[in-house]
Amino acid sequence: MIYQLKISLKHTSPPVWRRIEVDESTTFASLHQLIQIAFQWEDCHFHEFQVRDPYGPKTVRFSKSRMVIGNLDADIDYPFYVNQVVSEKHALLNEWLVREKDKCLYVYDFGAYWEHEILLEKIKPAEEGLAYPRCTKVMRGAPLEESEGILNEVIEINEKEEVEQINTAFAWHALAIGVKV
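Nothing here was measured: the structure is a model prediction, and the numbers come from that model. (Residues numbered from 1 in each chain as written. Predicted model: local features only at pLDDT ≥ 70, side-chain atom pairs only at ≥ 80, totals over all residues. Heavy atoms only, no water.)

Student: Explain the overall build of the chain here, please?
Tutor: In terms of helices and strands, the chain carries three helices and eight strands. Going residue by residue from the N terminus, the α and β elements of the chain occur as β-β-α-β-β-β-α-β-β-β-α. Of all intrachain contacts in the chain linking residues separated by at least 6 positions in sequence, the fraction that spans at least 24 positions is 62%. For the chain, the computed accessible surface area is about 9,800 Å², with 51% contributed by carbon and sulfur atoms. (Helix = DSSP H or I, 4+ residues; strand = E, 2+ residues; numbered from the N terminus. Contact = heavy atoms within 4.5 Å. Areas by Shrake-Rupley, 256 points an atom, 1.4 Å probe, with all protein chains shown as cover.)

Student: Just checking my understanding: could you explain the pairing of strand β3 (residues 47–51) for this structure?
Tutor: Strand residues, when the strand is regular, have side chains that alternate between the two faces of the sheet. Of all five residues that make up β3, five are buried, and the element is covered over most of its length. Residues of β3 alternate between two faces, with His 47, Phe 49 and Val 51 on one and Glu 48 and Gln 50 on the opposite face, all of them buried. Pairing of β3 with strand β6 (residues 103–108) involves four bridges; the strand directions are antiparallel. Paired with His 47 across the two strands is Tyr 108, which belongs to β6. Pairing analysis gives four bridges linking β3 to strand β4 (residues 67–70), with the strands arranged antiparallel. Following the sheet pairing, Val 51 is matched in β4 by Met 67. (Buried < 20%, exposed > 50% of the residue type's maximum accessible area, 1.4 Å probe, protein only. Pairing = 2+ DSSP bridges.)

Student: What exactly am I supposed to notice about the pattern of salt bridges here?
Tutor: Once the charged atoms of two side chains with opposite charge are near each other, the side chains can pair. With the rule as written, the count across this model stands at six salt bridges. Among the salt bridges present, the one from Glu 21 reaches Arg 134, with a minimum N-O distance of 2.7 Å. Of this pair, Glu 21 sits in strand β2 (residues 16–23) while Arg 134 sits in strand β8 (residues 134–139), and the two are 113 residues apart along the sequence. Overall, the relative accessible area of 2% leaves Glu 21 in the buried class. Relative accessible area serves as the criterion here: at 22%, Arg 134 is assigned to the partly exposed category. (Salt bridge = Lys/Arg side-chain N within 4 Å of Asp/Glu carboxyl O.)

Student: How should I be thinking about the packing of helix α1 (residues 28–38) against helix α3 (residues 159–177) in this particular structure?
Tutor: Angle between the axes and distance between the axes: these two values describe a pair of packed helices. Orientation of α1 relative to α3, taken along the N-to-C sense of each, is 145°, at an axis distance of 9 Å. Crossing of α1 against α3: the hand is right-handed. Contact with α1, carried on its side by Ser 30, Gln 33, Leu 34, Ile 37 and Ala 38, involves Glu 162, Ile 166, Ala 169, Phe 170, His 173 and Ile 177 of α3 and no other residues of that element. For the contact of α1 with α3, a count of residues per class yields seven nonpolar, three polar and one charged. (Axes fitted to C-alpha atoms, helices over the stretch in contact; angles between N-to-C directions. Left-handed = near helix turned anticlockwise from the far one by under 90°. Nonpolar A, V, L, I, M, F, W, Y, C, P; charged D, E, K, R; others polar.)

Student: What's the story with the environment of Tyr 3 in this structure? I'm lost.
Tutor: In this structure, Tyr 3 sits in strand β1 (residues 2–9). In this structure Tyr 3 comes out as buried when scored by relative accessible area, which is 2%. Spatially, the C-alpha atom of Tyr 3 lies 5.5 Å from that of Glu 21, the residues being 18 residues apart in sequence. Residues in contact with Tyr 3, not counting those within four places in the same chain, are Ile 20, Glu 21, Val 22, Glu 24, Leu 93, Asn 94, Leu 97, Val 98, Leu 120, Lys 122 and Ile 123. Side-chain polar atoms of Tyr 3 contact the backbone oxygen of Leu 97, separated by 2.6 Å. (Polar contact = N/O pair within 3.5 Å; in protein donor to acceptor, adjacent residues only side chain to side chain.)

Student: Looking at this structure, I do not really get the nonpolar core. What am I missing?
Tutor: In globular proteins that are soluble, nonpolar side chains generally tend to be buried together. Leu 5, Ile 20, Phe 28, Leu 31, Phe 39, Phe 49 and Ile 118 are the most contacted members of the largest nonpolar core, which totals 37 residues. Element by element, the count of residues in this core is highest for α1, at six residues. Not counting residues within four places of it along the chain, the set of residues in contact with Phe 39 comprises Ile 7, Leu 9, Val 16, Arg 18, His 116 and Ala 142. (Core = buried A, V, L, I, M, F, W, Y, C linked by side-chain atoms within 4.5 Å.)

Student: Mind showing me how you'd approach the sheet that holds β4 here?
Tutor: Note: strands within a sheet are paired through backbone hydrogen bonds, in either parallel or antiparallel orientation. A sheet is described by the order of its strands in space; here eight strands give the open sequence β5-β4-β3-β6-β7-β1-β2-β8, paired in mixed fashion. At either end of the open sheet lies a strand with only one pairing partner, and these are β5 (85–87) and β8. On average, each strand axis in the sheet is inclined to that of its neighbour by 25°, with strand direction left out of account. Contacts between α1 and the sheet are confined to β1, β2, β3, β4, β6 and β7 (114–124), with β6 contributing the most and set at about 65° to the helix.

Student: What's the story with the packing of aromatic side chains in this structure? I'm lost.
Tutor: Any two aromatic rings considered together are summarised by their centre-to-centre distance and by the angle between their planes. This structure, assessed with the given rule, holds seven aromatic pairs. Judged by centre distance (5.3 Å) and plane angle (15°), the rings of Trp 41 and Tyr 108 are stacked. Within this pair, whereas Trp 41 is found in the loop between α1 and β3, its partner Tyr 108 is found in strand β6, the two being separated by 67 residues in sequence. On the basis of relative accessibility, which here comes to 5%, the residue Trp 41 falls in the buried class. Owing to a relative accessible area of 0%, Tyr 108 belongs among the buried residues under this scheme. Ring geometry for Phe 46 and Phe 110: centres 6.0 Å apart, planes at 40°, overall tilted. (Phe/Tyr/Trp six-rings, centres within 6.5 Å; stacked < 30°, edge-to-face > 60°.)

This is a description of form; function is not addressed.
Right, here's the structure in full:
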């Protein structure tokens, strides 16, 4: 199955987001790379995914039931501030985002603390003739990576060209990791 994800950079007005489609068995490590490509960043900072148990209680506040999916090879003291850490290399999207409207948080650059809400919008069958992963829509340009978490101006872009550039980069990424496109 294919997951349609909307990745929205939080605390931006007007909104900045990307819609991508990926295979449900995509790892969070691969999703991190795809987000980096989609926002035109260079992967120069630490990151993590904040998730909750998809089968656990929905009434518990997110911050208290938080688990982290992260890069266990990075020099981050995860146990200091979370109960459980899962390796992003082994965690699959379909293990943590199981129903449409499920969400998680992606945090990039712990200094700037760019927060991205990842919303599972749709679960659908793969369409014949389409390559995945793919970007289907973008809204506004992403802030510069070294802007310290501050979005001072709206970055207008040609959205159609941006989608094409992202999809070209996705195809190169897939070839680099040996995924058939």
